[in-house]
Amino acid sequence: MEQLLTQIKELKKEISAFNGGDAETFRIKYLGTKGLVKSLMGEMKNVAAENKKEAGQLLNEFKLFTEAKYELLKSASTTNHQPQTSNIDLTLPGDPVPLGSRHPISLVKNRMISIFQRLGFAVAEGPEIEDDFHNFTALNLPENHPARDMQDTFYISQNPDWLLRTHTSSVQVREMEKGKLPIRIICPGRVYRNETISARAHCFFHQVEGLYIAENVSFADLKQTLYFFVQEMFGETVKIRFRPSYFPFTEPSAEMDISCLICGGEGCNVCKKTGWVEILGCGMVHPNVLDNCGIDSNKYTGFAFGMGIERITMLKYQIKDLRLFSENDVRFLDQFTGAV
Ligand code: DAH
């Protein structure tokens, strides 16, 4: 038994150090029918009966050890193998790495931001999960107000109510609460509504809202600002018109249309033969909203507006289905490489 042990030890050392030949030489020497592993196995018959079990285990383990070394030599010999002449043509171009492009919503959002920044508007952001106060109550939409129905949303919890914001007007409230006047901000961001998904509506979309509060701000300022925006966005020939509307947070309120970009106002299918398409809601900030946010409504006035980025993008690029924006189809997204 002693002798067997020393023999195994010696052989293991020898095997570990083996690098003198190819895998086949190794196999013949150690693992072949006349190899050393076999001959050691033959020694078993000379081992005393009480040691047989232990000797068997040792020999088995030694066999596995030798086989592992053989596998190693084999794989080393295949990876080291160099062809005499190479077929690789190093002058061929490499595999192309496809470059991504910005999402059309991001492109248009950035364009909108840069237009308003030139007019002195700063970008303000806020949370997508809002409390009831910032999304509704502060904006003159108290609990049970029927206008809340226009913006049904997803509630995270009730009492106290936490919800996914339905518009970025909540960011306006947060800025007004800071109390630093004048305020001249735009609020880009994602909003949510409980809508049935179709070509024209989705349960989430993006908005850019604007707010300007200072002394003596008038409806004329609002008109001028929005007119500048559409001319920069859609070109100088575009016309605007305002229609009276209703929003609880503005008084008076209006919706703004632009002359149809397809027919130039002649009347076509896109503008439903009217020559005009609606692009946003706006108005003079309601004094109740100013008061709710701690701003003196006798001293300050302001205007606000809000528009959907999807809508502007659809008009700009004549996209007919809102769902394309969130399907992530590269064939659609690729078309905007280098746009805007
Ligand atoms: N928050 C309105 C909406 O999501 C849009 C809007 C209208 C925003 C008038 C305004 C505004 O700031 O003055 O439908």
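Residues numbered from 1 in each chain as written. Predicted model: local features only at pLDDT ≥ 70, side-chain atom pairs only at ≥ 80, totals over all residues. Heavy atoms only, no water.

Caption draft 1: Highlighting the side chain of Ser259. Relative to the assigned elements, Ser259 resides in strand 8 (residues 250-259). A distance of 2.8 Å separates a polar atom in the side chain of Ser259 from the backbone nitrogen of Lys239. (Helix = DSSP H or I, 4+ residues; strand = E, 2+ residues; numbered from the N terminus. Polar contact = N/O pair within 3.5 Å; in protein donor to acceptor, adjacent residues only side chain to side chain.)

Caption draft 2: Structural view of the environment of Ile129. Considering the arrangement of structural elements, one finds Ile129 in strand 2 (residues 129-131). For Ile129, a relative accessible area of 42% corresponds to the partly exposed category. Ignoring anything within four residues of it in the chain, the contact list for Ile129 reads Ile156, Trp162, Leu163 and Leu164. (Buried < 20%, exposed > 50% of the residue type's maximum accessible area, 1.4 Å probe, protein only. Contact = heavy atoms within 4.5 Å.)

Caption draft 3: Layout of the pattern of salt bridges. Enumeration according to the criterion identifies 14 salt bridges in this entry. The partner of Arg241 in a salt bridge is Asp257, and the shortest N-O contact between them spans 2.8 Å. Residue Arg241 is located in strand 7 (residues 240-247), and its partner Asp257 is located in strand 8; the two are separated by 16 residues in the primary sequence. Judged by relative accessible area, which is 32%, Arg241 ranks as partly exposed. Each of Arg241, Arg243, Glu255 and Asp257 takes part in salt bridges that share partners, so that together they form one network. (Salt bridge = Lys/Arg side-chain N within 4 Å of Asp/Glu carboxyl O.)

Caption draft 4: Structural detail: the sheet that holds strand 2. An order of 2-4-3 is seen for the 3 strands of this open sheet, with the pairing classed as antiparallel. With partners counted over all chains shown, the strands left at the sheet margins are strand 2 and strand 3 (155-157), one partner each. For this sheet, the mean inter-axis angle between neighbouring strands, taken without regard to orientation, is 35°. As defined by bridge partners, strand 3 adjoins strand 4 (residues 162-164) across 2 bridges and the pair is classed as antiparallel. Across the sheet, the residue bridging to Tyr155 is Leu163, located in strand 4. (Pairing = 2+ DSSP bridges. Axes fitted to C-alpha atoms, helices over the stretch in contact; angles between N-to-C directions.)

Caption draft 5: Inspection of unusual backbone geometry at higher detail. With an omega of 0°, the peptide bond running from Asn159 to Pro160 counts as cis. Structurally, Pro160 can be placed in the loop between strand 3 and strand 4. In the segment running from Leu181 into Pro182, the intervening peptide bond is cis, with an omega of -5°. Of note in the backbone geometry, Lys272 takes a positive phi value of approximately 50° without being a glycine. With respect to the secondary-structure elements, Lys272 resides in the loop between strand 8 and strand 9 (276-285).

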